[in-house]
Amino acid sequence: MTKKVIIIGAGLSGLSIAYLLKKRGINVHIIEARNRIGGRIETIKGNQNSPMEMGATWFGKKHQNLVAFLEELEIGIFQQFISGTTFFETMSFIPPQKFEVPESEEPSFRIQGGTSSIILKLADKIGLENISLGQPVSNLEKKENYISIYTTEGNIFEADLVISTIPAKLFVQSVNCSPTLPKNAIKIFKNTQIWMESSVKFAVEYASPFWREKGLSGAIFSQSSLIPEMYDHTNYEKNKFALKGFLNGTIVQYSKEDREKMVIENLRKFFGKDAENHVGYFDKIWENEKFTFSPTINFLPSHYNNGHTIYQNSFWNNSFFMAGTETVSHFGGYMEGAIKSALSTSEKIYNIIITK
Ligand SMILES: Cc1cc2nc3c(=O)[nH]c(=O)nc-3n(C[C@H](O)[C@H](O)[C@H](O)COP(=O)(O)OP(=O)(O)OC[C@H]3O[C@@H](n4cnc5c(N)ncnc54)[C@H](O)[C@@H]3O)c2cc1C
């Protein structure tokens with residue numbers, strides 16, 4: 001296999017492409033901007049070592065490619081706990097209503113050990129020596145027979161085939177291409193929504209699951225509070241406990257200390273005084289992540305332009321490809337989209353390599 005392949009981005013898409021190509025005997029190198037792998041997948045450890053998701057968490061059985069991928073990598077899954085009473089709050093001045101999620105509801109699942117298990121397993125299969133961290137790509141230059149990749153750290157990589165998994169909207173804002181890519185492609189890239197790029201996630205860690213002991217599911221859905229959505233975040237082994245969910249975007253103006261106070265106050269409204277006995281508070285404002293978030297001038301609806309036909313094209317005489325979860329039409333934005341993108345992109349690259 002004589003072609004040199006470089007992937008930009010060590011998120012789920014980039015790592016999966018590298019893994020799939022390696023399985024077929026093609027070695028690739030990955031260039032990643034952050035000092036960590038995983039992109040929009042990030043499992044952190046709490047004060048009592050609870051695995052807590054600051055990024056992707058849930059999936060369903062309908063995400064067939066992801067489920068098959070997890071099976072292949074021998075990574076276990078478990079069902080999201082939702083048994084017991086759940087709260088639904090319509091207005092701040094009306095007490096929350098209580099309801100139970102019916103058994104017939106389509107369950108969602110989590111990954112044993114945390115979502116990062118898939119990232120770590122893939123990196124292990126690829127080999128860490130094949131991933132360069134802390135190298136934000138700033139320029140791509142198409143030369144006669146190869147592509148030069150420049151990073152802000154002053155490094156230059158060269159490859160015959162380059163795949164970018166940077167979310168397309170961010171790609172056009174942060175990477176200069178010479179010669180420029182076609183205008184119609186740039187227009188679509190600029191207007192492709194990045195899933196969850198401005199969400200705020202939080203987790204509150206507890207020594208025991210006091211809500212379960214009271215017959216509560218730990219879940220909240222609220223149209224009026226700071227916490228629009230929250231779930232029980234007990235680990236697979238049922239020995240680490242947390243509540244985890246999303247925060248309303250208005251919270252970003254407050255300090256971490258104030259955010260913690262406001263969240264605990266909110267939780268007390270639903271769960272009583274027990275909510276105050278937390279052992280850790282963690283949150284993540286994705287808008288502050290310059291390798292995920294990209295400011296948008298126009299409002300883009302969720303999943304806008306995900307899987308646009310332009311993403312099926314290759315550029316620069318079949319040597320440059322755009323991949324990543326937002327490039328697929330079905331389940332674009334989700335982990336399933338990342339796996340689908342990896343499957344189709346690795347197939348394209350493999351075919352180019354074996355026919356040349
Ligand atoms: C808060 C949150 C919650 C989510 N919840 C769920 C969920 O419950 N279920 C679900 O299925 N999905 C969820 N998602 C979406 C899921 O995380 C993504 O679909 C998936 O991780 C995308 O993988 P990717 O590799 O395509 O993109 P990314 O993970 O964005 O990877 C792109 C990579 O490119 C790197 N990069 C960026 N710029 C440069 C540069 N200039 N040079 C080099 N590298 C660069 C980034 O650092 C990153 O590692 C969530 C996402 C977030 C943020």
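One can find the structure itself at the top, above this paragraph.
Residues numbered from 1 in each chain as written. Predicted model: local features only at pLDDT ≥ 70, side-chain atom pairs only at ≥ 80, totals over all residues. Heavy atoms only, no water.

Overview of the overall build of the protein chain
- On a plain count of helices and strands, the protein chain comes out with eight helices and 21 strands.
- Against the globule reference of 21 Å for 356 residues, the protein chain gives a C-alpha radius of gyration of 22 Å, in line with a compact fold.
- When the backbone C-alpha atoms are referred to their principal axes, the protein chain occupies close to 70 × 40 × 35 Å.
- Expressed as a percentage of the 356 residues in the protein chain, the buried residues total 53%.
- Expressed as a percentage of contacts within the protein chain between residues at least 6 apart in sequence, the contacts between residues at least 24 apart total 71%.
- Counting only carbon and sulfur atoms, one obtains 49% of the accessible surface of the protein chain, whose full area is about 16300 Å². (Helix = DSSP H or I, 4+ residues; strand = E, 2+ residues; numbered from the N terminus. Rg over C-alpha atoms; globule rule 2.2 N^0.38 Å. Buried < 20%, exposed > 50% of the residue type's maximum accessible area, 1.4 Å probe, protein only. Contact = heavy atoms within 4.5 Å. Areas by Shrake-Rupley, 256 points an atom, 1.4 Å probe, with all protein chains shown as cover.)

Thoughts on helix H2 (residues 64-72)
- Burial in H2 covers these residues: Leu66, Val67, Phe69 and Leu70. Considered in projection along H2, the buried side chains sweep an arc of 160° and stay on one side of the axis. Exposed side of H2, more than 90 degrees from the buried face: Gln64 and Glu71 are the residues found there.
- Tucked into the core, H2 has its buried residues touching helix H1 (12-23), strand E5 (77-79), strand E8 (109-111), helix H3 (116-126) and helix H8 (335-355). (Arc of directions from axis to C-beta.)

Section: the site of the ligand
- Close to the ligand lie 35 residues, the nearest being Ser13, Glu32, Arg40, Trp58 and Gly333.
- Here an oxygen atom of the ligand and a backbone polar atom of threonine 57 are 3.1 Å apart.
- Between the ligand and the protein, one listed contact pairs an oxygen atom with a backbone N or O atom of methionine 335 at 2.9 Å.
- Considered on its own, the ligand offers 1000 Å² of accessible surface; in the complex 98% of this is hidden by protein. (Near = heavy atom within 4 Å. Polar contact = N/O pair within 3.5 Å; in protein donor to acceptor, adjacent residues only side chain to side chain.)

Thoughts on the nonpolar core
- In terms of nonpolar packing, the biggest core is built from 42 residues, with Val5, Leu12, Ile118 and Leu122 touching the most fellow members.
- Looking at this core, the elements with two or more residues in it are strand E1 (5-8), H1, strand E2 (28-31), H2, E8, H3, strand E13 (161-164) and H8.
- Split by domain, the residues of this core number at least three in each of domain 1 (1-41 + 115-194 + 297-356) and domain 2 (43-114 + 198-291).
- With residues up to four places along the chain from it excluded, the contact list for valine 5 reads Leu21, Ile26, Asn27, Val28, His29, Leu161, Ile163, Ile349 and Ile353.
- Among the nonpolar cores identified, the runner-up in size contains 27 residues, and Leu140, Phe157, Ala168 and Phe315 belong to it. (Core = buried A, V, L, I, M, F, W, Y, C linked by side-chain atoms within 4.5 Å. Domains from an automatic or database assignment.)

With respect to unusual backbone geometry
- A cis geometry characterises the amide bond from serine 178 onward to proline 179, with omega recorded as -5°.
- When you line up the elements, proline 179 lands in the loop between strand E14 (176-178) and helix H5 (183-190).
- We note that tryptophan 316 has phi near 50°; this positive angle belongs to a residue other than glycine.
- With respect to the helices and strands, tryptophan 316 occurs in the loop between strand E20 (314-315) and strand E21 (320-322).
- The phi torsion at asparagine 317 lies on the positive side, around 55°, for a residue other than glycine.
- You can see asparagine 317 is positioned in the loop between E20 and E21.

So, the sheet that holds strand E18 (residues 241-247)
- Pairing is mixed in the open sheet, where seven strands are placed in the order E7-E6-E16-E17-E18-E15-E19. Two strands lie at the open edges of the sheet, namely strand E7 (97-100) and strand E19 (278-285), each paired on one side alone. Neighbouring strand axes in the sheet, compared pairwise and without regard to direction, differ in orientation by 20° on average.
- The sheet contact formed by strand E6 (residues 85-89) and E7 spans four bridges and is antiparallel. Within E7, the position partnered with phenylalanine 88 by the bridge is glutamine 97.
- Those strands touched by helix H7 (residues 256-271) are E6, strand E15 (200-206), strand E16 (216-222), strand E17 (229-232), E18 and E19, and its axis lies near 120° from that of E19. (Pairing = 2+ DSSP bridges. Axes fitted to C-alpha atoms, helices over the stretch in contact; angles between N-to-C directions.)

Some points on the side chain of glutamine 80
- Examined against the element boundaries, glutamine 80 turns out to sit in the loop between E5 and E6.
- Residues in contact with glutamine 80, not counting those within four places in the same chain, are Trp58, Ser108, Phe109, Arg110, Tyr231 and Asp232.

Looking at the pattern of salt bridges
- A full pass over the atoms with the stated rule returns 16 salt bridges.
- Here glutamate 326 and arginine 40 are joined by a salt bridge, their closest N and O atoms 2.9 Å apart. Taken as a pair, glutamate 326 in the loop between E21 and H8 and arginine 40 in the loop between E2 and strand E3 (43-45) lie far apart in primary sequence, 286 residues in all.
- The class of glutamate 326 is buried, set by a relative accessible area of 5%.
- Its relative accessible area of 23% is what places arginine 40 among the partly exposed residues.
- The salt bridge involving glutamate 276 is made with arginine 268; its shortest N-O contact spans 2.9 Å.
- Counted as one network, the salt bridges with shared partners bring together Arg34, Arg36, Glu42, Lys284 and Glu289. (Salt bridge = Lys/Arg side-chain N within 4 Å of Asp/Glu carboxyl O.)

Focus: the packing of aromatic side chains
- All chains considered together, the criterion is met by 20 aromatic pairs.
- Judged by centre distance (5.8 Å) and plane angle (75°), the rings of phenylalanine 87 and phenylalanine 271 are edge-to-face. Residue phenylalanine 87 is found in strand E6, and its partner phenylalanine 271 is found in helix H7; the two are separated by 184 residues along the sequence. We note that phenylalanine 87, like phenylalanine 271, is buried.
- Aromatic rings pair up to connect Phe87, Tyr206, Phe210, Trp211, Phe270 and Phe271 into one cluster.
- Taking the ring centre of tryptophan 58 as reference, the NZ or CZ of lysine 244 above it sits at 4.4 Å. (Phe/Tyr/Trp six-rings, centres within 6.5 Å; stacked < 30°, edge-to-face > 60°. Lys NZ or Arg CZ within 6 Å of the ring centre and 35° of its normal.)

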